[in-house]
Amino acid sequence: MNKVHSEITTQSFNPFWNAAALKERSRIDPNLKKALSYLWKFLKICVFLFLTVIGLWGCTQTYSEPWTVSNPRIGVGLEIGYNYGVTGDYRYDLTSSNIGPYFSFANYQLSYGPFLAWFVWPASQIILPILYQTRVPLTQGIDYGLNTILAILILLFIIRLITIGITLNSTLNTERMGEVQGKIAEINAKYKNATDTQSKKMKQIEVMHIYKKHKIKPAALFVQGFVTIPIFLIVYKMVSLTRPIKATILFGIWDLSVTPGTEIISDISHNWVYIFFVLLVVPMQIVSQWLPQFWATRRNRNAKTTSQKGLEQLKKTRRIQWILIFVFALFPVITPSAVGLYWFLNSIFTILQSYITHVFIVKRRQRTKTISRLDQILNRELD
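Residues numbered from 1 in each chain as written. Predicted model: local features only at pLDDT ≥ 70, side-chain atom pairs only at ≥ 80, totals over all residues. Heavy atoms only, no water.

### With respect to the environment of L345
- Within the secondary structure layout, L345 lies in helix α12 (residues 337-382).
- Taking the C-alpha atoms as reference, L345 lies 8.0 Å from I152; in sequence the two are 193 residues apart.
- With near-sequence residues (within four places) excluded, L345 lies in contact with I149, I152, L153 and L156. (Helix = DSSP H or I, 4+ residues; strand = E, 2+ residues; numbered from the N terminus. Contact = heavy atoms within 4.5 Å.)

Take a look at the structure:
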């Protein structure tokens, strides 16, 4: 019996959401471990600063450099594609339409700035061959833009692979935060009207105690935002500048180079088809933001606050979350349709990933409860 109990005990584990997680003994020298920890933090700070600078560069460059402004018309503004004559297809070969300033970006060069050279151009080189190889030739019928959907899906998959570590870490922290949300709301309600320094200090101490107890890193919750924003800017510029995407008429009705909101407002009688585009993209974006929160709430039903003040604080937090969800959902309306297509496909990825995470967490919790019950039974028998 002792042997069986020992085997089960060694297999017992507490998952990441359990505050009483077992501490395994580390064989690494404490000083070396501390040095590596500082080095890792320093590298993360450098990466975040780099992404922030690049993101700001990408935002401000559009206003400071006229040639970076995209234009929905083919052959106008800055375009990414193949050199003229390489493919013999006007949708892919870069050439001016002679109706406005034109700048071609077929080969790698830093003259257009590091943001476009280091991020936008490489991303476009991933999808350009896919777009070209899966296209419908001009002489063989109508191209419904299915190659564009395929190219964006592949790009999304690559982005997910690159950011999976950050996304997973953020998900774990969000899960832990969901478990202690009720307790945090209780503390916020407790010190709601406190204005003195001592009370504010006590509030901070109590909150940090909960974070430390449940191994929550508040900064990790914002890491995903630091990564998501530059990625969005990269994708936005890429789909706005890549010539074959500008030339895509999705399913023969949706021009991916134009902005749905602008088209609807300018002439709804002729551009009413974009209403259906908005009705597809916006709800999907809302659902992809809401479902993870819904599943997290179902998993953490026992972590809810009980006091009236805590409930009021919790409602206020959720109200802010819903406002942010609707604000982000409006982006596909005011950006080119190609960006909306990207957000639509990205929402599908997000829903699938959230569901897989939800199932994994639920099953692991059930497994943990089963092992804990076995431990309790064996302990009673041994006693």
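### A few points about unusual backbone geometry
- In this model, N98 sits at a positive phi of 60 degrees, which is unusual for a non-glycine residue.
- Here N98 shows up in the loop between β1 (77-80) and β2 (102-105).

### Let's talk about the UniProt feature "transmembrane region" (unreviewed entry) in the chain
- When the UniProt feature table is mapped to this numbering, "transmembrane region" (unreviewed entry) covers residues 42-63, 112-132, 144-168, 218-236, 248-266, 272-291, 319-335 and 341-362.
- Regarding residues 112-132, the helix share stands at 90% and the strand share at 0%, and the terminal C-alpha atoms are separated by 24 Å.
- When the span residues 272-291 is considered, its composition is 95% helix and 0% strand, and the gap between its end C-alpha atoms is 29 Å. (UniProt positions renumbered as here; feature names shortened; annotations may be inferred.)

### Remarks on the packing of aromatic side chains
- What the rule picks out here adds up to 16 aromatic pairs.
- Ring geometry for F50 against W118: centres 6.4 Å apart, planes inclined by 25 degrees, an arrangement best described as stacked. Taken together, the positions of F50 in helix α2 (residues 30-64) and W118 in helix α3 (residues 114-133) put the pair 68 residues apart, joining distant regions of the chain.
- Taking the relative accessible area as the measure of exposure, F50 reaches 37% and is therefore partly exposed. (Phe/Tyr/Trp six-rings, centres within 6.5 Å; stacked < 30°, edge-to-face > 60°. Buried < 20%, exposed > 50% of the residue type's maximum accessible area, 1.4 Å probe, protein only.)

### Observations concerning the nonpolar core
- Of all hydrophobic cores here, the largest spans 55 residues; its most connected members are L116 and Y342.
- Counting only elements with at least two residues in this core, the list comes to α2, β1, α3, α4 (146-190), α6 (220-241), α9 (273-299), α10 (308-329) and α12.
- For this core, the leading source of residues is α3, giving 10 residues.
- Not counting chain neighbours up to four residues away, the residues in contact with Y342 comprise I152, L156, I159, I231 and V235.
- Judged by nonpolar contacts, the second largest core, of 8 residues, contains I187, V207, I210 and Y211. (Core = buried A, V, L, I, M, F, W, Y, C linked by side-chain atoms within 4.5 Å.)

### What to know about the pattern of salt bridges
- Enumeration over the complete set of coordinates arrives at 5 salt bridges.
- Residue E79 pairs with R243 through a salt bridge whose shortest N-O separation is 2.7 Å. Pair noted here: E79 is in strand β1 and R243 is in helix α7 (residues 243-246), with a separation of 164 residues, a long-range link. Here E79 and R243 have matching classes, each one buried. (Salt bridge = Lys/Arg side-chain N within 4 Å of Asp/Glu carboxyl O.)

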